[in-house]
Amino acid sequence: MKKLKGMRVAVLAADGFEQVELTRPVKRLEREGAHVTIVSLHKGRIRGMNLLVPGRKVRVDATLRDVKAADFDALLLPGGFMNPDFLRQSALALDFVKDADLLDMPIAVICHGPWLLASAGLLEGRHVTSWPGIRNDMENAGAHWTDEPVVRDGNWVSSRGPHDLLAFEHAMVELLAERMSPAIERRTTAEAAPRWPRWLAGGLAAAATLGLVARGRKALA
């Protein structure tokens with residue numbers, strides 16, 4: 001049985017992503033039936049890295065100007081040294097992850113990926129792990145950092161790096177499967193909303209579905 005059949009997952013990445021932190025989770029998501037979209041800063045292809053060695057390129061399916069967070073049900077943020085640094089300099093990328101979290105969307109993040117969450121101002125009070133080298137950045141942004149293979153905190157699951165990929169993939173699928181039904185319901189609600197200009201769409205779609213998120217949280221309380 002495919003646990004994530006019909007779920008739409010955005011993978012937000014730029015040049016310099018750690019190759020296995022994108023390719024392996026994407027393969028796992030697709031095996032579970034998810035529809036994966038690679039979202040980036042520009043059209044064409046982005047190049048991965050194997051630590052410091054250039055890796056393969058992957059095709060970009062959509063740019064941040066083409067889509068909004070509410071078009072998806074879940075978000076994956078791979079790491080790599082350069083990838084999150086490029087993304088956190090983009091206002092569109094910051095808005096994308098802010099909207100995703102505002103919608104209580106499941107977010108899976110690994111390695112240096114939490115840099116983007118820090119720059120979006122989302123780490124205050126959250127429990128995360130990451131590549132150990134950026135522990136200080138996480139704590140300075142207000143996060144509670146733990147040296148564990150996987151840390152789950154509400155709609156987030158985070159992991160340290162490539163050596164934890166097996167545990168990360170398992171925890172990612174568990175999180176997304178738990179939240180699949182409300183996520184798809186939220187997206188359906190957003191898609192039924194009036195078609196606003198794209199520069200308003202992300203925030204308005206998020207606002208339009210906050211009532212749904214609040215009802216879901218109340219039901220779980």
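Residues numbered from 1 in each chain as written. Predicted model: local features only at pLDDT ≥ 70, side-chain atom pairs only at ≥ 80, totals over all residues. Heavy atoms only, no water.

As annotated in an unreviewed UniProt entry, the chain is Type 1 glutamine amidotransferase from Corallococcus interemptor.

Colleague: Would you take a moment to explain the overall build of the chain for this structure?
Modeller: Of the regular secondary structure elements, the chain holds 8 helices and 12 strands. Within the chain, the proportion of its 221 residues that are buried is 53%. A separation threshold of at least 6 residues defines the contact pool for the chain, and within that pool the share at least 24 residues apart is 71%. (Helix = DSSP H or I, 4+ residues; strand = E, 2+ residues; numbered from the N terminus. Buried < 20%, exposed > 50% of the residue type's maximum accessible area, 1.4 Å probe, protein only. Contact = heavy atoms within 4.5 Å.)

Colleague: Is there a simple way to think about the pairing of strand E11 (residues 150-153) in this case?
Modeller: Working note: regular strand, side chains alternate between the two faces of the sheet. Residues Val151 and Asp153 point to one face of E11 and are all buried, whereas Val150 and Arg152, pointing to the other face, are not buried. Connecting E11 to the next strand, strand E12 (residues 156-159), in antiparallel fashion are 2 residues, including glycine 154 with a positive phi near 60°. (Pairing = 2+ DSSP bridges.)

Colleague: Just to check I follow, could you spell out the nonpolar core for this structure?
Modeller: Generally speaking, nonpolar side chains in soluble globular proteins are found buried as a group. Counting residues in hydrophobic clusters, the biggest one holds 34 residues, and the most contacted among them are Leu12, Leu75, Leu77, Phe96, Val97 and Met138. Elements supplying a minimum of two residues to this core: strand E1 (8-12), strand E7 (74-77), helix H3 (91-102), strand E8 (107-110) and helix H4 (114-119). Broken down by element, this core gets its largest block of residues, 5 residues, from H3. Excluding its chain neighbours within four sequence positions, the residues that come into contact with phenylalanine 96 are Ala10, Leu12, Leu64, Val67, Lys68, Ala69, Phe72 and Leu75. (Core = buried A, V, L, I, M, F, W, Y, C linked by side-chain atoms within 4.5 Å.)

Colleague: Could you clarify how one ought to interpret the pattern of salt bridges in this entry?
Modeller: Think of it this way: side chains of opposite charge can pair up when their charged atoms draw near. In the structure shown here, the tally under the stated rule is 12 salt bridges. Notably, a salt bridge pairs arginine 59 with aspartate 61, separated by 3.3 Å at the nearest N-O pair. Judged by relative accessible area, which is 53%, arginine 59 ranks as exposed. The exposure class of aspartate 61 is partly exposed, given its relative accessible area of 38%. The residue arginine 126 makes a salt bridge to aspartate 101 at a minimum N-O spacing of 3.7 Å. Of this pair, arginine 126 sits in the loop between H4 and strand E9 (127-128) while aspartate 101 sits in helix H3, placing them 25 residues apart in sequence. Assessed through its relative accessible area of 15%, aspartate 101 is described here as buried. (Salt bridge = Lys/Arg side-chain N within 4 Å of Asp/Glu carboxyl O.)

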